[in-house]
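Survey of secondary and tertiary structure
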Amino acid sequence: MSGNNSCQKCHSLKAACDEAFYTYPKSCSHAVWHVIRRCVHDQPYLTANNLLQVVERSPRWQEVQIHELAQLANDGVLVIGGAAESGHGHVIVVYPGQPKNHGGYSYLDREGRSKVLPCYGIFPLAMSTSIGSWPGAKSKGDRTIADAWSREKFKHVRFYKYVGTPYGSPDGAED
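Residues numbered from 1 in each chain as written. Predicted model: local features only at pLDDT ≥ 70, side-chain atom pairs only at ≥ 80, totals over all residues. Heavy atoms only, no water.

**A word on the environment of I122**
Mapped onto the fold, I122 is located in strand β6 (residues 122-128). Judged by relative accessible area, I122 falls into the exposed class, the value being 59%. Excluding residues that lie within four positions of it along the chain, I122 makes contacts with P99, K100 and N101. (Helix = DSSP H or I, 4+ residues; strand = E, 2+ residues; numbered from the N terminus. Buried < 20%, exposed > 50% of the residue type's maximum accessible area, 1.4 Å probe, protein only. Contact = heavy atoms within 4.5 Å.)

**Some details on the sheet that holds strand β1 (residues 61-64)**
As summarised here, the arrangement of the 6 strands in space is β1-β8-β2-β3-β6-β7, forming an open sheet in which the pairing is antiparallel. In this open sheet, the two strands that pair with only one neighbour each are β1 and β7 (139-144). Each strand of the sheet is rotated relative to its neighbour by a mean of 40 degrees, with strand direction disregarded. Note that strand β2 (residues 79-83) and strand β3 (residues 90-101) share 4 bridges and pair antiparallel. Bridge pairing links G81 to I92 in β3. In this fold helix α4 (residues 66-74) packs onto β1, β2, β3, β6 and β8 (158-162), with an angle of close to 85 degrees to the strand it touches most, β3. (Pairing = 2+ DSSP bridges. Axes fitted to C-alpha atoms, helices over the stretch in contact; angles between N-to-C directions.)

**Here we look at the packing of aromatic side chains**
Counted by the stated rule, this structure contains 9 aromatic pairs. With a centroid separation of 5.1 Å and an interplanar angle of 55 degrees, the aromatic rings of Y107 and W134 are classed as tilted. Pair noted here: Y107 is in strand β4 (residues 106-108) and W134 is in the loop between β6 and β7, with a separation of 27 residues, a long-range link. A relative accessible area of 28% means that W134 is categorised as partly exposed. In textbook terms, an aromatic cluster arises when at least three aromatic residues are bridged by ring pairs, as seen for Y120, F123, W149, F154 and F159. Against the face of Y120 rests R151, its NZ or CZ located 4.2 Å from the ring centre. (Phe/Tyr/Trp six-rings, centres within 6.5 Å; stacked < 30°, edge-to-face > 60°. Lys NZ or Arg CZ within 6 Å of the ring centre and 35° of its normal.)

**Section: the side chain of N49**
Its location among the elements puts N49 in helix α3 (residues 48-57). Judged by its relative accessible area of 16%, N49 falls in the buried class. Excluding anything up to four places from it in sequence, N49 contacts A83, A84, E85, G87, H88 and G89.

Structure (structure tokens):
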């Protein structure tokens, strides 16, 4: 893959994420679906838990490890992450850019006290939306993949790259 083509794919992925962030600010499932539809044109809308079930079984998707995420996103590869939960799960898209420290932002604890979320590592960036109030669950590349979940829940998040037609190639031709 040429460097210029990689850059174009990165910008295309970033543009799709930005559009999804503004179009579906309160629905992670819709926002992720919006980005997926840019390269998987026949992907029906699914809620987070159902989407994760389909992705886990689909030959179009391949599980990837955290250390691969930033490079994949920067190469324009569509990578989603998520964790199924009872009721509603949560899904995100890995956003192109330089990984950064997790945390560092303010939140209110259960007693209403203002706290700052401590950092526990450097992670790739995320596009994430949510109806919930957790500040880490809303990101247009300004928060990391770890910010959308509690530290305990993040242990259960899995990431999948799309291995069907290349991102941004309407004819499906390999670059």
